[in-house]
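Examination of the molecular architecture
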Amino acid sequence: MATLTRFAQAFRIPDLRKKLLFTLGLIALFRFGSALPAPGISAANVRYCAGLESSRGTAANLYAVLNLFSGNSLLHVTVFALGIMPYITASIIVQLLTQAVPRLQALKDQDRAGQATITQYTRYLTIGLAVIISVGYVELARSGSLFPGTDCSAANHPLIPDPSVLTMATMMVTMVAGTAVIMWMGELVTDRGIGNGMSVMIFTSVIAVFFGELEQIYLTWGIPMTLEVIAVAVAVIAFVVFIEQAQRRIPVQYAKRMTGRRVYGGATTYIPVKVNQAGVIPVIFASSLLSIPQLAASLLGNQNNPPGWVAWVDRYPRA
């Protein structure tokens, strides 16, 4: 109750009200793009296939994690289908390279100009990754492999009725542009909104999927299981917050010094060191890496003579 009271009081401060309204407006625009079908897509067939996939459960789909971070727009083939994942992956790659490339390490040690250069490199890498991902994603939609285990093949329920080169190129350009717009909106939230723009975008995507999944659990298992899921979700969130806020306090003792007849110093304090320094970055990066073999296997599995490792990946899927 106290949190809601503080949130209501924030709207009474003009500066905070402006930032909150600006952030809410960008979130609304982000959700609109996540529901807007990409050009060249059959929206009716996508809804049909997505409904079949929902009845099977998202856990059975290898794109479950990517679909979660895209706000359920990946499997609906929307303008923002790629979501924020290319930017997250690019950011992690650049952070790792700063420890191995002396040029990037020198930029990191500089002032704001060096940080701006690294941010620009991250943007370029984001666009490059978005181009690569969009090529595979559009090919999956064209071949009917986006919804494995259903009758949503290219012959029965084609997601792309006219799979011409121009149509597929338009789809790829639109999705890459959508990723660039999401990246731009995240930076706007950081600069002119409430801050942590990329985290706000991820939170919005997860929340958008959570209530739909909760409804699916209710329709399938009933109220008892729904209450159990809610209880587990609250417990997990509380535990994550506890670990995130946990810190190891390293004691520091200042030596005493005498100036004239007065004694100064001798105070005891501590240096707070977070227990979880890396946050969720390793989990997100690991999920992205584990999705690459299955994505490649889905692309090559439709060939007449696929490589031998494709069968191995299909036999041991990622849990």
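If you're wondering where the values come from, they're calculated on a predicted model, not measured in any experiment.

**Describing the pattern of salt bridges**
Scanning the model with the defined rule gives 4 salt bridges in all. For the salt bridge of E139 with R142, the shortest nitrogen-to-oxygen distance reads 2.6 Å. Placement of both E139 and R142 in helix α7 (residues 112-143) is noted, with a separation of 3 residues, approximately one turn of the helix. Judged by relative accessible area, E139 falls into the partly exposed class, the value being 25%. For E244, the salt bridge is made with K274, and the minimal N-O distance between the two is 2.6 Å. On the criterion of sequence distance, the pair formed by E244 in helix α10 (residues 223-245) and K274 in strand β4 (residues 268-274) is long-range, its members being 30 residues apart. E244 sits in the partly exposed class, given a relative accessible area of 29%. For K274, a relative accessible area of 35% translates into the label partly exposed.

**Notes on the packing of aromatic side chains**
A complete count under the given rule lists 2 aromatic pairs for this structure. Between F30 and F80, the ring centres sit 6.0 Å apart and the planes meet at 20 degrees, which makes this aromatic pair stacked. With a gap of 50 residues between them, F30 in helix α2 (residues 14-35) and F80 in the loop between α4 (64-69) and α5 (85-97) connect regions that are remote in the sequence. Each member of the pair, F30 as well as F80, carries the same accessibility label: buried. For the pair F210 and F211, a centre-to-centre distance of 5.6 Å together with 75 degrees between the ring planes defines the contact as edge-to-face. Overall, the relative accessible area of 52% leaves F211 in the exposed class.

**Comments concerning the nonpolar core**
By size, the foremost hydrophobic cluster in this structure holds 24 residues, and its most contacted members are V77, L146, F147 and M175. A total of 5 residues in this core trace back to one element, the largest contributor, which is α7. What V77 contacts, discounting residues up to four positions off in sequence, is P37, A38, I41, V46, Y137, L146, M171 and M175. Membership of the second largest hydrophobic core comes to 21 residues, among which are M183, M185, V189 and M201.

Reading the values: the criteria
- Residue positions are given per chain, counted from 1 along the sequence in the order it is written.
- Side-chain atom pairs in this predicted model are given and counted only at pLDDT of 80 or more, local residue features only at pLDDT of at least 70, and totals for whole chains, interfaces and linings cover all residues.
- To get the side-chain values, all heavy atoms of the structure are used, and hydrogens and water are removed first.
- Definition used for salt bridges: Asp or Glu carboxyl oxygen within 4 Å of a side-chain nitrogen of Lys or Arg.
- Helix and strand definitions follow DSSP, with helices as H or I runs of at least four residues and strands as E runs of at least two, each counted in order from the N terminus.
- The classification of residues rests on relative accessible area computed with a 1.4 Å probe and restricted to protein chains. Under 20% of the type maximum is buried, over 50% is exposed, and intermediate values are partly exposed.
- Each pair of aromatic rings taken from Phe, Tyr and Trp, with Trp reduced to its six-membered ring, is defined by centres within 6.5 Å and is described as stacked if the planes are under 30 degrees apart, edge-to-face if over 60, and tilted in the remaining cases.
- Put simply, buried Ala, Val, Leu, Ile, Met, Phe, Trp, Tyr and Cys residues joined by side-chain atoms within 4.5 Å make one nonpolar core.
- Whether two residues are in contact is decided by their heavy atoms, any of which lying within 4.5 Å being enough.

Just geometry here; none of it tells us what the structure is for.
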